[in-house]
Amino acid sequence: MMTEKETATEKIITDAMANPSPAKSMGDPGITPLSPSHTQQNDTDQVPSGPSFVVVVAIDFGTTSSGYAYAFTKEPECIHTMRRWEGGDPGVSNQKTPTTILLTPDRKFHSFGYAARDFYHDLDPSESKHWLYLEKFKMKLHTTANLSIDTDLHAANGKRVKALDIFAYALAFFKEQALKELSDQTGGEFDNNDVRWVITVPAIWKMPAKQFMREAAYKSGLVSRENPEQLIIALEPEAASIYCRKLRLHQMVDLGTHSTQNGNSPTDNVGGGMTQAAKEHVRRNRQSRTFLVENVIGELWSELEEGDRYVVVDCGGGTVDLTVHQIRLPEGHLKELYKASGGPYGSIGIDYEFEKLLCRIFGQDFIDQFKIKRPAAWVDLMIAFESRKRAAAPDRSNPLNINLPFSFIDYYKKFRGHSVEHALRKSNVDFVKWSSQGMLRMSPDAMNSLFKSTIDHIIQHLTELFEKPEVSDIKFLFLVGGFAESPLLQHAVQDMLQGRSRIIIPHDVGLTILKGAVLFGLDPSIIKVRRAPLTYGVGVLNRFVDGKHPPEKLLVKDGTRWCTDVFDTFIAADQSVALGEMVKRSYTPAKPSQQVIVIHVYCSEKEKAGFISEPGVRKCGTLRLDVSGTESAAPRREIQTLMQFGDTEIRAMAVDVSTGRTVKASIDFLSH
């Protein structure tokens, strides 16, 4: 809802543009339904095929790590994953680079990923405090309630930067890297117009966050506003789902068939079910310095039949997304059965728990100071923790050692006047000890307890999902995303399911989304049916009916009694929407002499909304159709309003039927 003041200014604007407005409460020149008009049509043939692209490049912009992959449209079965990054960490595969960004003291882009981290780390502390270093910033888009183009982020040194700038810098970096690699490969300057870009976002993100990504892409020069079709915003679990369907059996770990309790890293577990040739292939791939090419033909089809249902659990660094899909043969299109759910239960939750543990031992005041005064050493400490975090397993018996950076030990002594060792001895945390080599020694139980709340959240969510009627007889559960590599999580999911579904973990689990996003870019029509995340409609005037309409909504204009603020629904939350489906309504101006017809589009998370003034209903778009200087042949001017659903974006359009004048708008969720 607008404040009084905004309503007043809006009203002045509209009145200046049109004859006095009939709607008193919102300042809209009114429209009223032209009955019988409420048709729904599937104009699937109208969806433009768009220009043809030479290559599809997908960017997986993750909370903790990011990367890109691509495929040429001429050989869609070969997916190339980006080159290995320089400067990887021990114990972490470097197919992706950390989502970290470094700006110079005068706020210019300096570097991204390992390069940013290593450069920042090598700066002298007196200098590094002027540089702006950001990591794990993607979560801000999920957690900010009223996200806008002006939302801020905080760098490690506490300074504020515009989120949009940071996201645009990161996308510009990937654009440059990918185009460079494509130019090297094709032996000429590669033209950005030949690229279809795909950016993945969590399915549970609200519309403003999805739109924010698109705005950042425009700002970064990835694509221009003039041809929005060049960029597809794909949903992470959908991408994973598309890829999982294409897996050959040797590319997955089936938790049902062999034990993963051997405490090796998940990549070793995979070896259990692999042929010698496949092992050799993986080994060669690991060493190939330039590309990882993967052939995705010959699929899981033998196992999947028409109507089979499966759940994709996408466990990333920041969020966990759950989607339920059903196969529709013969083409194998996917249908979403239950709207995406999940929450901020990604693996960074474990990092927070570790931080809380450090605060218990060394004091919150010290940790807060240390992070700001020695930010690079803090980053080092978290890297050391990361590699131990990956070594946690359900049946591990030997302790895990975490290296404390020298400056941590040194700064603590200056800060407190006693040693780290002393702090550990006198803290009541008995499962973390000090080892003589200058390390924190954690018992396996201590490490496992850091995982507990994050894993409990995921399991609770899965349990609730499996109780829904739409989610019965699930054949497979695909566990994807970087966090899916955790044996602790795998074990917990296995315990929860009790054999109800087969749990399948794709081999390169951290790259599943990336590869699926490429496949999606090659054929966006593969997802046929989605569930609408919100209820959409427009604000209209209806003839006032005594006893049916609330008296405070009565408006009398030129002798006609109107009910204002009526929410005319186009589509309701959780309704199935086919890709490209058009919903069409016809309206007529409440006052025939109106020169400018303004149609406001509203959305709500509730399935039913009666009035646009109800709590939870918000304006998310405006269509302004100027009909001045034109005559309508019909006694009542027909204004058709169309909304096209199904893509991650929603498009709206209004047409003046008598003159063919058209106005288009993309629904804007960011301007409040």
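Everything in this summary refers to the structure shown in the same document. (Residues numbered from 1 in each chain as written. Predicted model: local features only at pLDDT ≥ 70, side-chain atom pairs only at ≥ 80, totals over all residues. Heavy atoms only, no water.)

**Remarks on the packing of helix 11 (residues 364-373) against helix 13 (residues 406-416)**
- As a packed pair, helix 11 and helix 13 sit with axes 11 Å apart at the nearest point and diverge in direction by 125°. Between helix 11 and helix 13, the angle falls in the class oblique. Crossing hand, helix 11 versus helix 13: right-handed. Contacts between helix 11 and helix 13 involve Asp365, Phe366, Ile367, Gln369, Phe370 and Lys373 from the first element and Ser407, Phe408, Tyr411, Tyr412, Phe415 and Arg416 from the second.
- For the contact of helix 11 with helix 13, the residue count by class is seven nonpolar, two polar and three charged. (Axes fitted to C-alpha atoms, helices over the stretch in contact; angles between N-to-C directions. Helix = DSSP H or I, 4+ residues; strand = E, 2+ residues; numbered from the N terminus. Parallel < 35°, antiparallel > 145°, perpendicular 65-115°, else oblique. Left-handed = near helix turned anticlockwise from the far one by under 90°. Contact = heavy atoms within 4.5 Å. Nonpolar A, V, L, I, M, F, W, Y, C, P; charged D, E, K, R; others polar.)

**Let's talk about the sheet that holds strand 8 (residues 109-112)**
- Spatially, 8-7-9 is the arrangement adopted by the three strands of the open sheet, whose pairing is antiparallel. Edge strands, defined here as strands with exactly one partner in the open sheet, are strand 8 and strand 9 (132-135). Adjacent strand axes in the sheet meet at a mean angle of 20°, parallel and antiparallel pairs treated alike.
- The pairing of strand 7 (residues 100-103) with strand 9 spans four bridges and is classified as antiparallel. Bridge assignment links Ile101 to a residue of strand 9, and that residue is Leu134. (Pairing = 2+ DSSP bridges.)

**Regarding the packing of aromatic side chains**
- On inspection of all chains with the given rule, the structure shows 28 aromatic pairs.
- Ring geometry for Phe119 against Trp131: centres 5.2 Å apart, planes inclined by 50°, an arrangement best described as tilted. Of this pair, Phe119 sits in helix 2 (residues 114-122) while Trp131 sits in the loop between helix 3 (125-128) and strand 9, and the two are twelve residues apart along the sequence.
- In this structure Phe119 comes out as partly exposed when scored by relative accessible area, which is 33%.
- Using a relative accessible area of 10% as the deciding quantity, one classes Trp131 as buried.
- Seen in terms of ring centroids, Phe366 and Tyr412 are 4.9 Å apart; in terms of plane orientation they differ by 85°. Their pairing is edge-to-face. With Phe366 in helix 11 and Tyr412 in helix 13, this pair connects stretches of sequence that are 46 residues apart. Considered together, Phe366 and Tyr412 belong to a single accessibility category, that of buried residues.
- By the ring-pair criterion, three or more aromatic residues cluster together here, those being Phe362, Phe366, Phe370, Phe408, Tyr411, Tyr412 and Phe415. (Phe/Tyr/Trp six-rings, centres within 6.5 Å; stacked < 30°, edge-to-face > 60°. Buried < 20%, exposed > 50% of the residue type's maximum accessible area, 1.4 Å probe, protein only.)

**Quick notes on the sheet that holds strand 19 (residues 400-403)**
- The three strands are arranged 19-21-20 in an open sheet whose pairing can be described as antiparallel. Each edge of the open sheet is held by one strand with a lone partner, namely strand 19 and strand 20 (432-435). Averaged over all pairs of adjacent strands, the angle between their axes in this sheet comes to 30°, without regard to strand direction.
- Looking at chain direction, strand 20 and strand 21 (residues 439-442) are connected through four bridges and run antiparallel. Across the sheet, residue Trp434 finds its bridge partner in strand 21, namely Leu440.
- Lying on the sheet, helix 10 (residues 348-362) is in contact with strand 19, strand 20 and strand 21; it crosses strand 21 at an angle near 110°.

**Quick look at unusual backbone geometry**
- Backbone geometry places Lys136, a non-glycine residue, at a positive phi of 50°.
- In this structure, Lys136 sits in the loop between strand 9 and helix 4 (139-143).
- According to the relative accessible area criterion, Lys136 is partly exposed, its value standing at 25%.
- Positive phi, normally seen in glycine, also occurs at Asp565, with a value near 65°.

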